[in-house]
Amino acid sequence: MAKTTAFFIFLQLNEKNRAYLHPELIYSSMSIENKLFQEFPPVTTEQWEEVILKDLKGADYQKKLVWRTDEGFNVRPYYRAEDLDSLNYLETLPDRFPYTRGFKTNDNNWNIVQEITEKNPVKANEMAVNALTKGANTVSFCTKNVTSYQDLQSLLQNIDIEKNGVQFRCASSYIELMKWFVQYIDEQNLDKTKINGAIDFDAIIFALKKGKFYSNKKTDLQEIIELLALTSELPNFKIINVNGLAIHNAGATIVQELGYTLAVANEYLAFATEKGITSEKIASKMQFTLSVGSNYFMEIAKLRAARVLWTTLIEQYHPTCDCAYHLTLNSVASSWNKTLYDPYVNMLRSTTEAMSAALGGADSIALKPFDIAYKQEDEFSSRISRNTQIILKEESYFDKIVDPAAGSYYIENLTNSIIEHAWKLFQNTETEGGFIAAMEAGKVKAEIEQSAQKRDMDIATRKYILLGTNQYPNTNELMLDKIEDAKTCNSEGLKSYRGAAAFEALRLQTEEYAKHHHRPRLFLLKVGNLAMRQARAGFITNFFGCAGYEILDNAGFASAEEGVKSALEATPDIIVLCSSDEEYATLGVEIVQKIKKITEKIPVIIAGNPTEIIDTLNKAGVDDYIHIKNNVLEKLNLYNKLYFCSVID
């Protein structure tokens, strides 16, 4: 036991530290190491593949085991050390070119950002002061209602901006805001080198979202020069925020988010350098705000890839200072995947998002309140979004290790695939004249919307699961009367939306209908084979539960007569027969005929897709078939319109 323990201690030490071990311990450990590895001889990739093919029993390897991502590349079922041979940046350390591993060397600390959506400056200040006393160290304000210097004073009152970062969003004029901000710093006699933060100035993404520039392209881009002059004595305050989050929340893929974000950044670099600004000066005043979604490993790889892409881009401008390569990554949790129903699942989504951002090396992280889909954040939801990050630091030590994903066969290959595909998209965009030209031609919007349609279809067919929304819903949950903040977007440009919105609209229709009627009632008529009827009843419960229907369940019935009697006594709106395909041919036909003989008004559905006997079942009176190949959203919309038309009227 002692020798085994010594061996594992030995394995955790690097070659340098081994020199300080007692020779007897080294000999003993190496002896055990040799003996252990003799028991586990090397296994080649060919041997692994032979076993896999044998287990597949003739099934298609590509269809069964290879994942084709939305980003356009394949992910294999496993990776090995040999898959890293072509990656030439693996031997680099943190803060070394090409900066895949980031710029942190002592720890992996990040800023905990509290986003404040409250627009009233006085109320927003109260919320910010509270957040800073309870764990946040950066606050992000919506400055839509900051229309004077006095408003800014109210907003920043009692906030030590030498110790805490500040971010400003939604300003009608960032020029005016920065004038007031510099005035405030001067009047408070603050050390300008200690001021950290950013404004959300991104004229190009603004134009993409709104369908046009705020004033015009020339005027909007010219603001960069004035903002640089205004903040020349604030070296750590960013004045260009390249907003990849807006691209993500419109339904874009990771490759599109990175490729287009890089193309936008290049527009700013090209504009500034043409005006005589050095590349290192403009680069040091820029940051990327990128989304973090629920695809855990892909999101880690995305942030690592972003740094390599930035390095590759900046290298083309031949900066005279390495500071130009130091990209600030501001990570904000996705809004696209947040849901109205079962909102506490959003806490789980935010947790994995925070983990991805931290492991990917984000400089700051902002999580969305779990109830953001239907209301403004309150003290509880704000506290949860802060405490998630505090726990990752204080209890899970995510802030201690720099780039722990380095060397992972899987994540390194994901990182490289994202780099290659995002860079290709960037190059294609540049070939078309750059991002602004592609945007004005409508190509960027069209490409992102095409990706969004693909993702929407995946949600509709449940290839992509939104827990509690399109799978495993809480059928008794009501949200219609809890909605306080209905967000709408009427611009002609790229629209942000939530992937769950279509399912939620369907279920809200059901709730509206139930205000004046009973909820649509669906009776599960379970007969025959126990395993099959239970499995299909579960499937149907999840299927119609996504529309908020009331599911009338039971233990099952021993005969057709008993099942039909109980079903009709329950006065349902729909009856679903749950059994095996074999029993549908006999017992199923009998049950359907008995129901239709008594009433034609209640639709009778078969759970499953018994293709060989569908003609027989149709003749008996079956109205529909619900099975795994259905487009869930399309089918449920059809049922609302056919049987509960007052929902739509």
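Here is a short report on the structure shown in this document. (Residues numbered from 1 in each chain as written. Predicted model: local features only at pLDDT ≥ 70, side-chain atom pairs only at ≥ 80, totals over all residues. Heavy atoms only, no water.)

**Concerning the side chain of Asn-164**
Examined against the element boundaries, Asn-164 turns out to sit in the loop between α7 (149-156) and β5 (165-169). Relative accessible area serves as the criterion here: at 16%, Asn-164 is assigned to the buried category. Here Asn-164 is in contact with Leu-132, Ala-136, Asn-137 and Asn-196, once residues within four sequence places are set aside. (Helix = DSSP H or I, 4+ residues; strand = E, 2+ residues; numbered from the N terminus. Buried < 20%, exposed > 50% of the residue type's maximum accessible area, 1.4 Å probe, protein only. Contact = heavy atoms within 4.5 Å.)

**Digging into a positive patch on the surface**
On the surface, Lys-119, Lys-144, Lys-209 and Lys-210 cluster together into a patch of positive charge. Counting through the fold element by element, Lys-209 comes out in helix α9 (residues 203-210). By relative accessible area, Lys-209 is classed as partly exposed at 32%. (Patch = residues over 30% accessible without salt bridge, like charges linked within 9 Å, V, L, I, M, F, W, Y side chains within 5 Å. Areas by Shrake-Rupley, 256 points an atom, 1.4 Å probe, with all protein chains shown as cover. Salt bridge = Lys/Arg side-chain N within 4 Å of Asp/Glu carboxyl O. Lys, Arg positive; Asp, Glu negative; His and termini not counted. Charge placed at Lys NZ, Arg CZ, Asp CG, Glu CD.)

**A closer look at the sheet that holds strand β13 (residues 550-552)**
On the basis of which strands lie adjacent, the open sheet formed by 5 strands has the order β13-β12-β14-β15-β16 and parallel pairing. Each edge of the sheet is formed by a strand with only one pairing partner; in this case those strands are β13 and β16 (624-626). Averaged over neighbouring strand pairs, the angle between their axes works out to 30° when direction is ignored. For strand β15 (residues 604-607) and β16, the ladder comprises 3 bridges, and the chain directions are parallel. The residue of β16 that forms the bridge with Ile-605 is Asp-624. (Pairing = 2+ DSSP bridges. Axes fitted to C-alpha atoms, helices over the stretch in contact; angles between N-to-C directions.)

**Considering unusual backbone geometry**
Cis rather than trans, the peptide bond between Phe-97 and Pro-98 has omega equal to 5°. Counting through the fold element by element, Pro-98 comes out in the loop between β2 (74-75) and β3 (111-116). Phi angles above zero are rare outside glycine, and Asn-189 is one such case at about 55°. You can see Asn-189 is positioned in the loop between α8 (174-187) and β6 (197-199). We note that Thr-571 has phi near 45°; this positive angle belongs to a residue other than glycine. Mapped onto the elements, Thr-571 comes out in the loop between α22 (560-569) and β14 (574-578).

**So, the pairing of β3**
Among the 6 residues that make up β3, 5 are buried, leaving the element largely enclosed by the rest of the structure. Relative to strand β11 (residues 364-366), β3 runs parallel, the two sharing 3 bridges. Residue Val-113 lies in a different strand from β11, and its bridge partner there is Ala-366. Relative to strand β4 (residues 138-142), β3 is paired through 4 bridges, and the arrangement is parallel. Each residue of the ladder has a partner; that of Gln-114, found in β4, is Val-139.

**A word on the state of the cysteines**
Enumeration over the complete set of coordinates arrives at 0 disulfides. Looking at the unpaired Cys-170, the closest cysteine sulfur is the one in Cys-142, lying at 3.6 Å. Cys-170 gets classed as partly exposed once you look at its relative accessible area, which sits at 38%. (Disulfide = S-S within 2.5 Å.)

**Thoughts on a nonpolar patch on the surface**
Where nonpolar side chains cluster on the molecular surface, the patch consists of Ile-465, Leu-467 and Tyr-472 and spans about 290 Å² of accessible area. Mapped onto the elements, Ile-465 comes out in the loop between α19 (443-460) and α20 (501-514).

**Points about α20**
The terminal C-alpha atoms of α20, which comprises 14 residues, lie 20 Å apart, in line with the 20 Å expected from a rise of 1.5 Å per residue. Those residues of α20 that fall on the buried side of the exposure criterion are Phe-503, Glu-504, Leu-506, Arg-507, Leu-508, Thr-510, Glu-511 and Tyr-513. Taken together, the buried residues of α20 touch α19, α21 (530-545) and α25 (632-643). (Expected span 1.5 Å × (residues − 1).)

**Examining the sheet that holds β4**
Across the sheet, 9 strands lie side by side as β7-β6-β5-β4-β3-β11-β10-β9-β8; this open sheet has parallel pairing. Both outer strands of the open sheet, β7 (237-238) and β8 (240-243), are each paired with one neighbouring strand and no more. Sheet analysis places β6 next to β7, joined by 2 bridges and oriented parallel. Following the sheet pairing, Ala-198 is matched in β7 by Lys-238.

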